[in-house]
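Each chain, written out:
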Amino acid sequence: MHMFLVVAAALAVTLMAVAGIAGITTGWVVPFGRHRVLRPKLWGYSQLLGAVGMSLWMFLGVFPRKFDVIPLIGWFLFMGSLGIQILAQRPGRTPRPAPTKSAS
C-alpha cells in the first residue's frame, strides 16, 4: 500500500511541475483554472515552485535527523507558491502613460 501512495505522490508532483513549465513557456493553464488565472506565467512559476517544495517536503521529510531543515524549507516553498497563485489570479498593474511635454 505504501508503494501506491509514493507512486501517486510522485505522479502528482510531476504533473504539477509539467503544468508549471507549460504555463511558463506557452501560457497554458489547466482547464479548471482558466477562468480565474489572469497571469499565466506567474501561475506557472508558482506551480513549479510548489512542485519543488512539495517534493522536498514529502520525499526528504521521512528521513529522521538526516535532513532536518530541508523538509521545512520545502514546506515554506509550497506555502509561498500558494500565495503566488493568489497573486496570479489578480489583475496586474496598468502601466501609467508617460508624461508628455507640451510644445507651447
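Everything that follows concerns the structure shown earlier in this document.
Report follows, based on the coordinates. (Residues numbered from 1 in each chain as written. Predicted model: local features only at pLDDT ≥ 70, side-chain atom pairs only at ≥ 80, totals over all residues. Heavy atoms only, no water.)

**What about the nonpolar core?**
- Counting 6 residues, the largest nonpolar core is built from Ala19, Val29, Val30, Val37, Trp43 and Ala88.
- Residues contacting Ala19, with those up to four places away along its chain left out, are Trp28, Val30, Trp43 and Gln47.
- Among the nonpolar cores identified, the runner-up in size contains 5 residues, and Val13, Met16, Ala17 and Met54 belong to it. (Core = buried A, V, L, I, M, F, W, Y, C linked by side-chain atoms within 4.5 Å. Buried < 20%, exposed > 50% of the residue type's maximum accessible area, 1.4 Å probe, protein only. Contact = heavy atoms within 4.5 Å.)

**Quick word on the packing of helix α1 (residues 2-25) against helix α2 (residues 40-60)**
- At a closest axis distance of 7 Å, the pairing of α1 and α2 adopts a crossing angle of 155°. Taken together, α1 and α2 sit at an angle that is classed as roughly antiparallel. As for the relative orientation of α1 and α2, their crossing is left-handed in sense.
- When grouped by side-chain class, the residues that make up the contact of α1 with α2 number 17 nonpolar, 6 polar and 1 charged. (Axes fitted to C-alpha atoms, helices over the stretch in contact; angles between N-to-C directions. Helix = DSSP H or I, 4+ residues; strand = E, 2+ residues; numbered from the N terminus. Parallel < 35°, antiparallel > 145°, perpendicular 65-115°, else oblique. Left-handed = near helix turned anticlockwise from the far one by under 90°. Nonpolar A, V, L, I, M, F, W, Y, C, P; charged D, E, K, R; others polar.)

**Topic: the packing of aromatic side chains**
- All told, the structure shown has 1 aromatic pair when counted by the stated rule.
- A centroid spacing of 5.2 Å and a plane angle of 70° characterise the contact between Trp75 and Phe76, whose relative ring orientation is edge-to-face.
- By relative accessible area, which is 34% here, Trp75 ends up partly exposed. (Phe/Tyr/Trp six-rings, centres within 6.5 Å; stacked < 30°, edge-to-face > 60°.)

**Observations regarding the side chain of Gln47**
- By secondary structure assignment, the location of Gln47 is in helix α2.
- Leaving out residues up to four positions away in the same chain, Gln47 has contacts with Met16, Ala19, Gly20 and Gln85.

**Details of helix α3 (residues 70-88)**
- Its 19 residues place the ends of α3 27 Å apart at the C-alpha level, agreeing with the 27 Å of an ideal helix rising 1.5 Å per residue.
- In the core, the buried residues of α3 are packed alongside α2. (Expected span 1.5 Å × (residues − 1).)

**A look at the packing of α2 against α3**
- Axis separation between α2 and α3 bottoms out at 7 Å; the angle between their running directions is 160°. With respect to each other, α2 and α3 are oriented roughly antiparallel. As for how α2 packs across α3, the hand of that crossing is left-handed. In this structure, α2 uses Leu42, Trp43, Ser46, Gln47, Leu49, Gly50, Val52, Gly53, Met54, Leu56, Trp57 and Leu60 to contact α3, whose residues at the interface are Ile70, Pro71, Gly74, Trp75, Leu77, Phe78, Ser81, Ile84, Gln85, Leu87 and Ala88.

**Quick notes on the layout of surface pockets**
- Empty space within the largest pocket amounts to approximately 170 Å³.
- For the largest pocket, the full set of lining residues is Met16, Val30, Phe32, Gly33, Arg36, Val37, Trp43, Gln47, Gln85 and Gln89.
- Per-class residue counts for the lining of the largest pocket are 5 nonpolar, 4 polar and 1 charged. (1 Å grid on protein atoms, 1.4 Å probe; cavity = no way out; pocket = protein on both sides within 12 Å on 5 of 7 lines; lining within 4 Å. Points joined across faces, edges and corners; volume = space filled by probe spheres on them.)

Just geometry here; none of it tells us what the structure is for.
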